[in-house]
Amino acid sequence: QVQLVESGGGLVQAGGSLRLSCAASGRIFSINAMGWHRQAPGKQRELVATITSGGSTNIVDSVKGRFTISRDNAKNTVYLQMNSLKPEDTAVYYCNADVRDSYYRFSSDYWGQGTQVTVSS
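Predicted model only: the values in this text are computed from it and were never measured. (Residues numbered from 1 in each chain as written. Predicted model: local features only at pLDDT ≥ 70, side-chain atom pairs only at ≥ 80, totals over all residues. Heavy atoms only, no water.)

A few points about the overall build of the protein
When helices and strands are counted, the protein shows zero helices and eleven strands. Scanning the protein from its N terminus toward the C terminus, one meets helices and strands in the order β-β-β-β-β-β-β-β-β-β-β. The C-alpha radius of gyration computed for the protein amounts to 14 Å, which stays within 12% of the reference 14 Å derived for 121 residues, consistent with globular compactness. Over its C-alpha atoms, taken along the principal directions, the protein stretches across nearly 50 × 25 × 25 Å. Within the span of the protein, comprising 121 residues, buried residues form 40% of the whole. Long-range contacts, defined here as pairs at least 24 residues apart, represent 56% of the contacts in the protein between residues at least 6 apart. (Helix = DSSP H or I, 4+ residues; strand = E, 2+ residues; numbered from the N terminus. Rg over C-alpha atoms; globule rule 2.2 N^0.38 Å. Buried < 20%, exposed > 50% of the residue type's maximum accessible area, 1.4 Å probe, protein only. Contact = heavy atoms within 4.5 Å.)

A few points about the nonpolar core
In summary, soluble globular proteins display a tendency toward joint burial of nonpolar side chains. Of all hydrophobic cores here, the largest spans 30 residues; its most connected members are W36, L80, M82 and Y93. Broken down by secondary-structure element, the contributors of at least two residues to this core are β1 (2–7), β3 (18–26), β4 (30–39), β5 (46–51), β7 (67–72), β8 (77–82), β9 (91–100) and β11 (115–120). Sorting elements by how many residues they give to this core places β9 first, with five residues. Among all residues touching M82, those that are not within four sequence positions of it are G16, S17, L18, L20, R66, F67, Y93 and V117. (Core = buried A, V, L, I, M, F, W, Y, C linked by side-chain atoms within 4.5 Å.)

Topic: a nonpolar patch on the surface
Side chains of F29, Y103 and Y104 sit close together on the surface and give an oily, nonpolar patch of about 450 Å² of accessible area. Of note, Y103 is situated in the loop between β9 and β10 (108–111). (Patch = residues over 30% accessible without salt bridge, like charges linked within 9 Å, V, L, I, M, F, W, Y side chains within 5 Å. Areas by Shrake-Rupley, 256 points an atom, 1.4 Å probe, with all protein chains shown as cover. Salt bridge = Lys/Arg side-chain N within 4 Å of Asp/Glu carboxyl O.)

A closer look at the side chain of T90
Inspection of the secondary structure puts T90 in the loop between β8 and β9. Contacts of T90, omitting those with residues within four sequence positions, involve A40, P41, Q116, V117, T118 and V119.

A few points about the sheet that holds β1
Pairing within the open sheet is antiparallel, and its four strands lie in the order β1-β3-β8-β7. This sheet does not close on itself; its edge strands, each paired only once, are β1 and β7. Taken over all neighbouring pairs, the strand axes of this sheet differ in orientation by 15° on average, direction set aside. As judged from the six bridges shared by β3 and β8, these two strands associate in the antiparallel manner. (Pairing = 2+ DSSP bridges. Axes fitted to C-alpha atoms, helices over the stretch in contact; angles between N-to-C directions.)

A short note on the state of the cysteines
Following the criterion strictly, the structure yields one disulfide and no others. A sulfur-sulfur distance of 1.9 Å marks the disulfide that ties C22 to C95. The chirality of the disulfide connecting C22 with C95 is right-handed, given an S-S dihedral of about 45°. Here the residue C22 occupies a position in strand β3, and C95 occupies one in strand β9, the gap between them amounting to 73 residues. Each member of the pair C22 and C95 is classed as buried. (Disulfide = S-S within 2.5 Å.)

What about the packing of aromatic side chains?
According to the stated counting rule, one finds two aromatic pairs in the structure shown. Where F29 meets Y103, the ring centres are 6.0 Å apart and the plane angle is 75°; that geometry is what we call edge-to-face. Of the two residues, F29 is situated in the loop between β3 and β4 and Y103 in the loop between β9 and β10; the sequence distance between them amounts to 74 residues. A relative accessible area of 44% means that F29 is categorised as partly exposed. Overall, the relative accessible area of 55% leaves Y103 in the exposed class. Pairing Y103 with Y104 gives two aromatic rings, centres 5.3 Å apart and planes at 90°, and the pair type is edge-to-face. (Phe/Tyr/Trp six-rings, centres within 6.5 Å; stacked < 30°, edge-to-face > 60°.)

Limitation: the analysis is restricted to geometry and does not speak to function.
See the structure below:
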């Protein structure tokens, strides 16, 4: 089994910064794409950013220029650096990873438990 554990959330004032981390552990052969999603109260979960194993990134327009996604393949960890935070960034942030647990098996998608980010005005 594979576990994803997020950390780094918290309360910050508008204009501030936070860095989220998500570490994957367990039975891991390889990790393909990793990403961050968020869900604000009363809204659907939405994609924030993704990064491939080779480092190619995709960031949604609403956070482009403010958020940066990166990963450390040696540590099976993905990061989300969030700068110039706005109250509308308030949400529970979830990481996910497309993981192969064996050479002989297809990959599966795993999710973390989420970490709360609250931005005060």
